[in-house]
Amino acid sequence: MKTDQTPSRERADLLKEAERLIERTPRRLFLTGAVSLGGLAMLTGCSPSAEPRTERFLRAVSRWNDRVQAGLFDPTRLAPTYPESMITRPFPFNAFYKEDRVPHVDGTDYRLEVSGLVADRHRWSLEELRALPQTSQVTRHICVEGWSAIGKWGGVRFRTFLERIGADLTASFIGFKCSDGYHTSIDMPTALHPQTLLTLTYDGEVLPPRYGFPMKLRMPTKLGYKNPKHITAIYVTNTNPGGYWEDLGYNWFGGS
Ligand SMILES: Nc1nc2c(c(=O)[nH]1)N[C@H]1C(S)=C(S)[C@@H](COP(=O)(O)O)O[C@H]1N2
Ligand SMILES: [Mo]
């Protein structure tokens, strides 16, 4: 069937279903090329000839979804926290590669780059970051691949860090670059949320390599792929930087 000939009601349902599929599709299917956005559109019953148009349309739906999620986001509403007895052991590892390829970053030479709309572009050593006020929380991490797990992360409130670097808090986005080539970005209201932490520890220990040494941005209000590990650079910007999975069709806002 051609999208053009689909009755509008049916088409709306079809798009809703396609969007759900995009957001729930296991990343390995995107990775192996078994599923593309166009492919997903086909699964929902559109002909190959309608592919590019449908793809554009689905991306527009996902952008609309970003705006709805941003509008619904309550900067004061806290995600659930859990007792330490509920921590998932062992906590799962996940990345766009297998665990044997986890980067081993040297903490001695490490300096966190800060750029964009900030007053202070000073590069931060781990010692300096550890000297900032630390806090910890036990929260649930939810991955779109269909698993969730409870873990304990400790570090600096991201709002505190943004204030220290003199970030323009009226800017729209924060971008993150990682030592494994991963990248992602978040909206400012989420960056300023009290449970958004620049974490340096996992379960009371220095963050191990598999969980993102030297640091992971941990947000219990966002899905797993929005939580960057092995951060090397942070930049404040008004241009949406996108992200590794986001550019492949995962929803940008990625709220959980
Ligand atoms: N640098 C980097 N960060 C990343 C990823 C990655 O591949 N590289 N994967 C993301 C995804 S999809 C998930 S579910 C979580 C997994 O974090 P964990 O290994 O601590 O469970 O990291 C997120 N952050
Ligand atoms: Mo994930």
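First, a word on scope: everything that follows refers to the structure included in this document. A quick note: this is a predicted structure, and the numbers were derived from the prediction, not measured. (Residues numbered from 1 in each chain as written. Chains lettered and ligands numbered in written order. Predicted model: local features only at pLDDT ≥ 70, side-chain atom pairs only at ≥ 80, totals over all residues. Heavy atoms only, no water.)

## Here we look at the overall build of the protein chain
- Within the protein chain one finds seven helices and nine strands.
- Looking at the protein chain as a whole, 49% of its 256 residues are labelled buried.
- Across the protein chain, the fraction of contacts at a sequence separation of at least 24, relative to all contacts at a separation of at least 6, is 68%. (Helix = DSSP H or I, 4+ residues; strand = E, 2+ residues; numbered from the N terminus. Buried < 20%, exposed > 50% of the residue type's maximum accessible area, 1.4 Å probe, protein only. Contact = heavy atoms within 4.5 Å.)

## Looking at the sheet that holds strand 5 (residues 183-187)
- Taken in spatial order, the four strands line up as 1-9-4-5 in an open sheet, and their pairing is mixed. Each end of this open sheet is capped by a strand with a single partner; those strands are strand 1 (113-116) and strand 5. The mean angle between the axes of side-by-side strands here comes to 20°, regardless of whether they run parallel or antiparallel.
- With five bridges connecting them, strand 4 (residues 173-178) and strand 5 associate as antiparallel partners. (Pairing = 2+ DSSP bridges. Axes fitted to C-alpha atoms, helices over the stretch in contact; angles between N-to-C directions.)

## With respect to the site of ligand 1
- Contacts to ligand 1 come from 21 residues, most closely from P92, N94, D180, N227 and K229.
- Here N94 contributes a backbone N or O atom positioned 2.9 Å from an oxygen atom of ligand 1.
- Contacts to ligand 1 include F96, whose backbone N or O atom sits 3.0 Å from an oxygen atom.
- A class-by-class count of the residues in the shell around ligand 1 yields twelve nonpolar, five polar and four charged. (Near = heavy atom within 4 Å. Polar contact = N/O pair within 3.5 Å; in protein donor to acceptor, adjacent residues only side chain to side chain. Nonpolar A, V, L, I, M, F, W, Y, C, P; charged D, E, K, R; others polar.)

## Points about the pattern of salt bridges
- Using the criterion set out here, one finds seven salt bridges in the structure.
- Notably, a salt bridge pairs R159 with E163, separated by 3.5 Å at the nearest N-O pair. Note that R159 and E163 are positioned in helix 6 (residues 158-164) at a spacing of four residues, about one turn of the helix.
- With a relative accessible area of 45%, E163 lands in the partly exposed category. (Salt bridge = Lys/Arg side-chain N within 4 Å of Asp/Glu carboxyl O.)

## Digging into the nonpolar core
- Residues F158, F161 and I174 are the most contacted members of the largest nonpolar core, which totals 30 residues.
- Among the nonpolar cores identified, the runner-up in size contains twelve residues, and F96, Y97, V144 and L223 belong to it. (Core = buried A, V, L, I, M, F, W, Y, C linked by side-chain atoms within 4.5 Å.)

## Here we look at unusual backbone geometry
- Backbone torsion omega between R89 and P90 reads -10°, so that peptide bond is classified as cis.
- Here P90 is to be found in the loop between helix 4 (51-72) and strand 1.
- Backbone torsion omega between F213 and P214 reads 5°, so that peptide bond is classified as cis.
- Turning to its location among the elements, P214 is positioned in the loop between strand 7 (205-206) and strand 8 (216-218).
- In this model, D203 sits at a positive phi of 55°, which is unusual for a non-glycine residue.
- Relative to the elements of secondary structure, D203 occurs in the loop between strand 6 (197-202) and strand 7.

## Some thoughts on the side chain of K222
- Relative to the elements of secondary structure, K222 occurs in the loop between strand 8 and strand 9 (231-237).
- Taking the relative accessible area as the measure of exposure, K222 reaches 1% and is therefore buried.
- Engagement of the side chain of K222 in a polar contact is seen with the side chain of T190, the distance being 3.5 Å.

## Some details on the packing of aromatic side chains
- According to the stated counting rule, one finds 19 aromatic pairs in the structure shown.
- Geometrically, the ring pair formed by F96 and Y182 is stacked, given 6.1 Å between the ring centres and 15° between the ring planes. One end of the pair, F96, is in the loop between helix 4 and strand 1; the other, Y182, is in the loop between strand 4 and strand 5, with 86 residues separating them in the sequence. Taken individually, F96 and Y182 each receive the classification buried, so the pair is uniform in this respect.
- Residues W252 and F253 carry aromatic rings whose centres are separated by 6.5 Å and whose planes lie at 70° to one another, so their mutual orientation is edge-to-face. In terms of burial, W252 and F253 fall into one category: buried.
- Three or more aromatic residues joined by ring pairs form one cluster here, namely F96, Y97, Y182, Y225, Y244, W245 and Y250.
- Positioned above the aromatic ring of Y211, the side-chain terminus of R210 is 4.5 Å from the ring centre.
- Seen from the ring of W153, R218 lies directly overhead, with NZ or CZ sitting 4.4 Å from the centre. (Phe/Tyr/Trp six-rings, centres within 6.5 Å; stacked < 30°, edge-to-face > 60°. Lys NZ or Arg CZ within 6 Å of the ring centre and 35° of its normal.)

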